[in-house]
Structures are given as C-alpha cells and as structure tokens.
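Chain and residue survey
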Amino acid sequence: MSPNKGKQPPAGEIRQSQVLSSFGPGSMVDLPKQSILIGGLNHWKFGQERVRIYEPRLEEYLQQKLNLSNVALYEPPASSKDALGPRTGIQSFMFPCWFLAQVDESFEAPSGKRYRTRPLLPWKKLAPLGGKYLDKDRKKRSIVPVRFVQACVYGHISDIDWRFFVHKGESCTGDLWLDEGGTGNDFADIFVRCEACKRRRPLSDATLPKSNALGLCQGNRPWLGPHARQACGRDANNRPVFNKLLIRSASNAYFAQTSTVISLPSADETIKKAVDAVYENYLQFAADVDEINYERRKPHISNALEGFSDEAIWQEVCQRRSDTKPEPKTIKQVEIETLLSQLDEIGEDLPDKDFYARNRSLKQLPPFLKDYIERIVLVHRLREVRAQVSFTRFEAPFQDVDGELQLDVAPAALGLETEWFPAIETKGEGIFISFQPKTIDAWLQRQPVQKRGLELRQGFETWLQRREIKPDESGEMPIQFPGLPYIMLHSLSHLLITSIALECGYSASAIRERVYAGPSGYGILLYTGSSGSEGTLGGLIQVGRKIEHHLQTALESGRLCSNDPVCAQHQPEELYEERFRHGAACHGCLLISETSCEQGNEYLDRALVVDTVETQGAAFFATPQ
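Residues numbered from 1 in each chain as written. Predicted model: local features only at pLDDT ≥ 70, side-chain atom pairs only at ≥ 80, totals over all residues. Heavy atoms only, no water.

1. Observations regarding the overall build of the protein
Within the protein, the secondary structure is distributed over 16 helices and 25 strands. Taking the principal axes of its C-alpha atoms as reference, the protein extends roughly 100 × 65 × 50 Å. Relative to its full complement of 625 residues, the protein shows a buried share of 50%. Here the analysis covers contacts within the protein between residues at least 6 apart in sequence; of these, 69% occur between residues at least 24 apart. In the structure as shown, the protein presents an accessible area of about 31100 Å², 48% of it carried by carbon and sulfur atoms. (Helix = DSSP H or I, 4+ residues; strand = E, 2+ residues; numbered from the N terminus. Buried < 20%, exposed > 50% of the residue type's maximum accessible area, 1.4 Å probe, protein only. Contact = heavy atoms within 4.5 Å. Areas by Shrake-Rupley, 256 points an atom, 1.4 Å probe, with all protein chains shown as cover.)

Set out below in structure tokens:
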C-alpha cells in the first residue's frame with residue numbers, strides 16, 4: 001500500500017515567491033473553511049534539504065544595515081511529500097479566533113430598520129462542539145472567521161476585544177451578535193450587540209480619528225507563537241499607540257519589506273584582477289596618471305588593462321597605496337558602474353554564469369535620440385536575489401531610490417531571534433539604457449523644469465506633514481526628495497514597460513525595473529523578474545535591438561492620457577486627492593503593476609518626460625517638429 005494513500009490534500013498552497021510578497025511571516029491567508037496567520041521564521045521546518053542562496057553582496061549589506069554578526073539566505077521550505085518522512089513546511093496558526101455562526105436570523109433596531117444578525121463567538125465556545133454552532137433548534141451550524149481584527153503600525157495584531165468594544169470597558173458576559181444592514185460594506189451599518197444588556201455599538205466608532213475605541217496595543221505577535229508579545233513603541237509625537245481596525249483581506253493588511261540585488265560581476269573586482277597582473281612589476285611606482293598612460297604603451301600591459309580608462313587604473317593604484325578603507329558603495333552604485341564599464345562584453349557567455357551582457361551599437365538611433373542616449377546594453381543573462389527582512393501594516397515601507405533599506409516605518413520582526421532571511425532567486429534577461437549626464441544637467445537648468453520641480457517638492461513636503469514624519473536628531477529628514485532626474489527616469493520606465501509588453505512576449509507584470517539616478521550615472525534597467533517559464537525567452541533581447549522604436553512609442557503615448565485633461569491638471573499638493581507624490585500620473589498612463597515598480601507606483605510625473613496638455617516646457621524629451 002502506498003504510504004500516501006488516503007492522505008488528505010492540503011487546504012491551500014502558495015508559491016515560494018508569494019512567501020516573500022503577499023504571504024510572508026505575519027500575513028493572513030484565507031482558506032476554504034478558516035483563516036490562518038503564517039508563522040514566523042522560528043516555525044519554519046526545513047528537514048534535511050535546506051537550500052542556501054549565496055549572494056555575498058546582499059548578505060554583507062544586510063549584515064551592516066541590520067547590525068548583525070552574520071547573515072544567511074535560504075529558500076522558503078517546501079512541504080514534505082513523504083508521509084513517513086519528517087514534517088517540513090511553514091507552520092501556521094488559526095487567526096482570528098472569533099467566528100460568526102451561519103444562521104439566518106434578523107434583528108429589528110429601535111429605528112425600525114431590520115438587520116441580518118449572526119452570533120459572534122470565540123473559538124473556546126465552539127471547540128467542544130467540533131467547531132460548530134448549536135442553534136436554538138439544537139442543530140449544528142457552520143462558522144466563518146470574523147473579517148475584522150485589530151492591529152497597530154508596528155505590525156502587532158490580535159483579535160478585537162469585542163466585549164470591551166461594545167460595553168466601552170464595563171463588565172458584561174452576555175452573548176454577542178453582529179448586526180449587518182445593506183451589503184455589509186458600510187461600517188455605519190454594522191453593529192455589535194450584547195443580548196444580555198441590550199447595548200449596541202456601530203463598528204464605525206472604531207474608524208473615527210482619535211476615538212481609541214479598540215484600546216491600547218498590547219504588543220501581540222501571534223505569528224511568532226500564541227503568547228509572543230513585546231512592548232509596543234510610541235508614535236511620532238511620543239504618544240502611546242492605540243489599536244486600529246483592520247479588515248483581514250484589505251490591501252493594507254500586509255506589506256513585505258524586501259531588499260533586492262542584481263548579481264553582477266563588480267567592476268571593482270574586474271579592474272582589481274586586471275591591475276593585479278601588472279601592478280607589482282610596472283604600476284606600483286607610477287607617480288601620476290601620465291605615467292599610467294606611458295606604461296600602457298607596452299603591448300602586454302595594454303592587453304591586460306584593455307577596457308579601463310587611465311583615470312580608473314590610477315584610482316585603483318592610489319587605493320592600493322592608501323591605508324584608508326574605501327567608502328562603501330550603495331547597491332545601485334555597484335550595479336550601474338558595472339553596466340557603464342567600457343567593456344564591450346560584461347561577464348561570460350556560459351550556462352553556469354549569472355551575468356552576461358553586450359553593448360549594442362548606437363548607429364541605428366534616430367538623430368533626435370542621439371543627444372539623449374549614452375549606451376544600450378543587452379543583458380542576455382542575469383540573476384536577481386530578493387530577500388525579505390521585515391513587514392509593515394497600514395503603510396507600505398519607504399523605498400530609498402538608491403536601493404537602500406528604510407527601517408523607519410515601524411518594521412515587524414520575521415522571527416524571535418534569527419540571523420537568516422527567506423530569499424528567492426530568479427534568472428532572466430534585460431535591457432539597460434543609460435542617458436547622457438550633460439543632457440540631464442542642461443535640462444535641470446531650464447526655468448520650466450525648476451518650476452515643475454518646486455510643485456513636486458511641495459507635494460512631497462505636504463505628504464511628510466500628513467504622515468507626521470519629522471527630522472531626526474541631526475536635523476535631517478529620514479526620507480529625502482528623490483530628485484527630478486529620478487522622477488523623470490522612473491516615469492519613462494513605466495511608459496517603456498507598457499510599450500514593450502505589447503510585443504516582447506512577457507506580460508507587463510513579469511517585467512521589473514531598476515532606475516539609477518545618482519553621481520555614477522543615469523539609466524534604466526528593465527528585466528524579467530519572474531521565475532519559471534518567464535525567465536529567458538529572448539523577448540527582451542529582441543526588443544533591445546530595436547529599443548528606439550519602443551522609446552518613440554512610449555513618448556507618444558505619454559503625451560496624451562485617456563483621463564486628460566484631469567490627469568495632466570493634477571497638482572501634487574492638492575489635499576482632497578491625497579496623491580502628494582504624483583504629478584501627471586494615473587491608471588490611464590503611468591500606473592502599472594506594483595510588483596513591477598520599485599517604488600509602489602509613487603514618484604511619477606509624465607510632464608517631466610514629454611509635454612502634456614497642461615504643462616509645457618518641463619519635458620526632458622523635445623516634441624518632434
């Protein structure tokens with residue numbers, strides 16, 4: 001007899017990539033008959049097969065950023081298929097522990113309005129009955145988990161103390177009922193009622209600002225264990241934190257905080273190896289960059305240092321002579337320096353290598369694009385490693401434009417005590433486009449551009465005020481305005497993704513972006529970010545060979561939105577829309593899948609890319625005559 005015969009199928013399954021996005025530790029998952037909370041890292045069972053993901057650059061970065069002595073990356077464990085083997089997978093916990101019985105009864109309010117009403121019961125009353133409710137006719141009724149819980153901005157979560165809520169802190173042990181009027185989507189039409197004392201309170205009271213109807217947060221962390229707690233912090237004004245109402249299936253119930261690295265052969269490592277070959281005999285006594293140039297006239301030295309400028313070699317020689325440790329580079333700085341290296345080929349075209357790219361000739365570019373584009377690199381092979389380090393509730397984590405973690409958004413812990421993080425790797429292909437720094441610098445000097453930048457900065461500052469984000473002890477804001485070059489390139493990236501997805505064979509949600517806007521250069525990397533079948537189909541490489549066509553299509557589509565003139569007339573500082581980090585951007589033009597965008601569809605404005613019906617003169621790309 002097969003050991004798996006008669007084994008019940010799982011109630012639900014999720015992919016490994018989903019564990020790092022929507023369903024990581026501390027997230028809620030709806031199953032057919034109940035709701036669960038995904039357990040923390042201390043409740044993950046790996047068994048004998050524990051797949052380690054090696055990415056030294058990401059590990060070193062997390063180690064420094066999180067102040068840990070050591071960091072390791074592992075794939076989320078897969079559930080065991082062997083019924084006789086050790087149990088593996090991710091443990092989950094039943095949550096919430098209050099349920100509604102599925103009975104068909106009604107309640108008439110004093111106003112005369114009739115409500116559908118159902119008993120609201122804790123699990124401890126239902127467990128002795130096998131998870132069923134015994135109605136007044138002694139019939140067993142099925143139950144469903146209540147869809148409302150309470151949480152705080154620090155990620156803590158727990159069941160609502162329903163008795164405390166309806167009785168406003170007074171003592172009563174009567175049976176509770178949930179009355180729902182209409183479709184049940186209006187909190188003002190949902191009431192919690194006590195059958196004994198007849199008290200009745202609308203759920204909308206829990207949504208009122210500063211009502212504190214759900215009481216102080218007790219620091220519950222049930223994903224780490226049934227009794228896991230920690231002292232809850234204080235808000236930006238040093239006040240105690242109160243619970244807030246949260247719908248289990250709401251989009252703001254869970255935001256994974258991840259850090260992503262493209263596994264690139266570092267330009268620093270490449271130049272170090274080149275200089276190693278000739279340093280001791282020829283370069284170590286060089287006095288200046290002119291002597292470097294003189295030494296390179298020798299054929300064997302010229303061959304060893306091919307692809308690197310005299311200035312870059314001299315900088316490496318000076319670094320070797322200095323005892324000072326070089327300033328650590330950001331994640332994106334290392335990536336763009338590698339992509340902008342003078343080599344025609346980067347990496348090796350071998351199946352077991354993580355990265356291989358080739359420069360594309362710019363001879364076919366139309367004349368009007370030659371002043372804008374500096375380089376086009378076809379990335380035939382790349383590897384992305386993404387690790388989850390935390391999560392937040394209610395507010396998405398801030399994403400630094402340099403790829404740096406922002407840990408000031410009240411991140412929640414993934415485990416009790418751990419020095420490893422869940423990670424996944426995906427392999428694919430991509431296109432890198434770099435833009436002329438001198439053209440961007442000239443664009444920034446134009447008066448209409450500076451005027452538009454002031455409007456976008458005012459919206460950003462309004463957003464900071466609404467979020468009560470204040471300067472730190474040194475007087476600096478923890479979140480900085482990304483700058484006009486970043487917003488322009490980010491908006492162009494979204495237009496390109498939409499245009500490319502129509503022809504490349506990948507869905508738009510399968511294309512991810514990396515936007516570079518810093519001292520090392522300006523560029524956009526579009527690459528496949530999906531595991532499985534959408535990995536290296538070759539579609540993006542073919543698109544890269546005629547990227548000028550897609551660039552023109554993207555610019556044309558950005559000039560007019562289906563929601564114009566409303567979209568183009570949006571002002572970032574407008575309070576009633578609360579889109580403070582948007583310029584001319586909406587779902588009709590720039591907003592794409594949030595899995596593709598590195599900023600969660602923020603910091604967008606097509607008026608910086610092309611002229612719109614409302615804003616003229618601030619565009620980076622000139623309107624063709």
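Picking up where we left off.
2. A closer look at the sheet that holds strand β2 (residues 35-38)
Taken in spatial order, the 3 strands line up as β1-β2-β6 in an open sheet, and their pairing is antiparallel. The open sheet has two edge strands, β1 (28-30) and β6 (92-94), and neither has a second partner. On average, each strand axis in the sheet is tilted by 35° relative to the strand beside it, whichever way the strands run. Looking at chain direction, β1 and β2 are connected through 3 bridges and run antiparallel. Pairing of D30 across the sheet is with S35, part of β2. (Pairing = 2+ DSSP bridges. Axes fitted to C-alpha atoms, helices over the stretch in contact; angles between N-to-C directions.)

3. Focus: the packing of helix α14 (residues 484-501) against helix α16 (residues 547-559)
Packed helices, taken two at a time, are described by the angle between their axes plus the distance between the axes. The contact between α14 and α16 brings their axes to 8 Å, and the two run at 115°. In terms of orientation, α14 and α16 fall into the roughly perpendicular class. At the point where α14 passes α16, the crossing takes the right-handed sense. Residues L492, L495, L496, S499 and I500 of α14 touch α16, and the partners they reach there are I547, H550, L551, T553, A554, L555, S557 and G558. (Parallel < 35°, antiparallel > 145°, perpendicular 65-115°, else oblique. Left-handed = near helix turned anticlockwise from the far one by under 90°.)

4. Describing the packing of helix α12 (residues 437-444) against α14
Contact geometry of α12 with α14 gives a least axis separation of 11 Å together with a crossing angle of 115°. Viewed along their axes, α12 and α14 adopt a mutual orientation that is roughly perpendicular. Two packed elements cross with a definite hand, and for α12 against α14 that hand is right-handed. Where α12 approaches α14, its residues I440, W443 and L444 are matched on the opposing element by L484, P485 and M488. In the contact of α12 with α14, the residues fall into 6 nonpolar, no polar and no charged. (Nonpolar A, V, L, I, M, F, W, Y, C, P; charged D, E, K, R; others polar.)

5. Quick notes on unusual backbone geometry
Geometrically, the link from F95 to P96 is a cis peptide bond, its omega value of 0° lying close to zero. Among the structural elements, P96 can be located in the loop between β6 and β7 (98-101). Residue P565 is reached from D564 by a cis peptide bond, and omega for that bond is 5°. Summarising the element assignment, P565 is placed in the segment after α16. Although it is not a glycine, K198 adopts a positive phi angle of roughly 65°. Its relative accessible area of 64% is what places K198 among the exposed residues. You will see that E578, though not glycine, has its phi angle at about 55°, which is positive. Mapped onto the elements, E578 comes out in the segment after α16.

6. Brief notes about the nonpolar core
Formed by 64 residues in total, the largest nonpolar core has its most connected members in F435, L492, L496, I500, I511 and F621. When residues of this core are assigned to their parent elements, the largest contribution, 11 residues, is made by α14. Formed by 38 residues, the second largest nonpolar core is a distinct cluster that contains V71, L224, L246 and F391. (Core = buried A, V, L, I, M, F, W, Y, C linked by side-chain atoms within 4.5 Å.)

7. As for the side chain of R452
Along the chain, R452 falls in helix α13 (residues 447-466). Dropping the residues within four chain positions of it, R452 is found in contact with H570, Q571, G583, A584, D605, A607, L608, T615 and A618.

8. With respect to helix α2 (residues 56-65)
All of the buried residues along α2 are R57, L58, E59, Y61 and L62. Against β4 (72-74), β19 (255-262), α10 (331-339), β22 (373-392) and β23 (420-435) lie the buried residues of α2. A positive phi of about 55° marks N67, the residue just after α2.

9. Points about the environment of E425
By the element assignment, E425 lies in strand β23. You can call E425 partly exposed: its relative accessible area is 32%. Separated by 42 residues in the primary sequence, E425 and R383 place their C-alpha atoms 6.8 Å from one another. Aside from chain neighbours lying at most four places away, what touches E425 is I53, R383, E384 and V385. A distance of 2.5 Å separates a polar atom in the side chain of E425 from a polar atom in the side chain of R383. (Polar contact = N/O pair within 3.5 Å; in protein donor to acceptor, adjacent residues only side chain to side chain.)

10. Things to note about the pattern of salt bridges
Per the stated rule, a full pass over the model turns up 34 salt bridges. A salt bridge links E180 to R118, with the shortest nitrogen-to-oxygen separation between them at 2.6 Å. Of this pair, E180 sits in strand β15 (residues 176-180) while R118 sits in strand β9 (residues 114-122); the two residues are 62 residues apart in sequence, bridging distant segments of the chain. For E180, a relative accessible area of 11% gives the class buried. Take R118: its relative accessible area is 8%, and that puts it in the buried class. The closest approach of N and O atoms between R579 and E577, which form a salt bridge, is 3.4 Å. A residue is classified by how much of its surface remains accessible, and E577, at 30% relative accessible area, is partly exposed. Salt bridges here are not isolated pairs; linked through shared partners, they connect E55, D354, R383, E425 and K427. (Salt bridge = Lys/Arg side-chain N within 4 Å of Asp/Glu carboxyl O.)

11. As for the sheet that holds strand β13 (residues 148-151)
Ordered in space as β14-β13-β18, the 3 strands form an open sheet in which the pairing is antiparallel. Two strands lie at the open edges of the sheet, namely β14 (157-158) and β18 (244-247), each paired on one side alone. Where β13 and β18 come together, 4 bridges link them in antiparallel fashion. Bridging from a neighbouring strand, V149 pairs with L246 of β18.

12. As for empty space enclosed by the protein
In total, this model carries 1 cavity of 30 Å³ or more according to the counting rule given. Estimated volume of the largest cavity: approximately 30 Å³. Lining the largest cavity we find L456, F460, F481, I487, F580, R581, H582 and Y603. Tallied by class, residues from the lining of the largest cavity come to 6 nonpolar, 1 polar and 1 charged. (1 Å grid on protein atoms, 1.4 Å probe; cavity = no way out; pocket = protein on both sides within 12 Å on 5 of 7 lines; lining within 4 Å. Points joined across faces, edges and corners; volume = space filled by probe spheres on them.)

Structural measurements only, silent on function.
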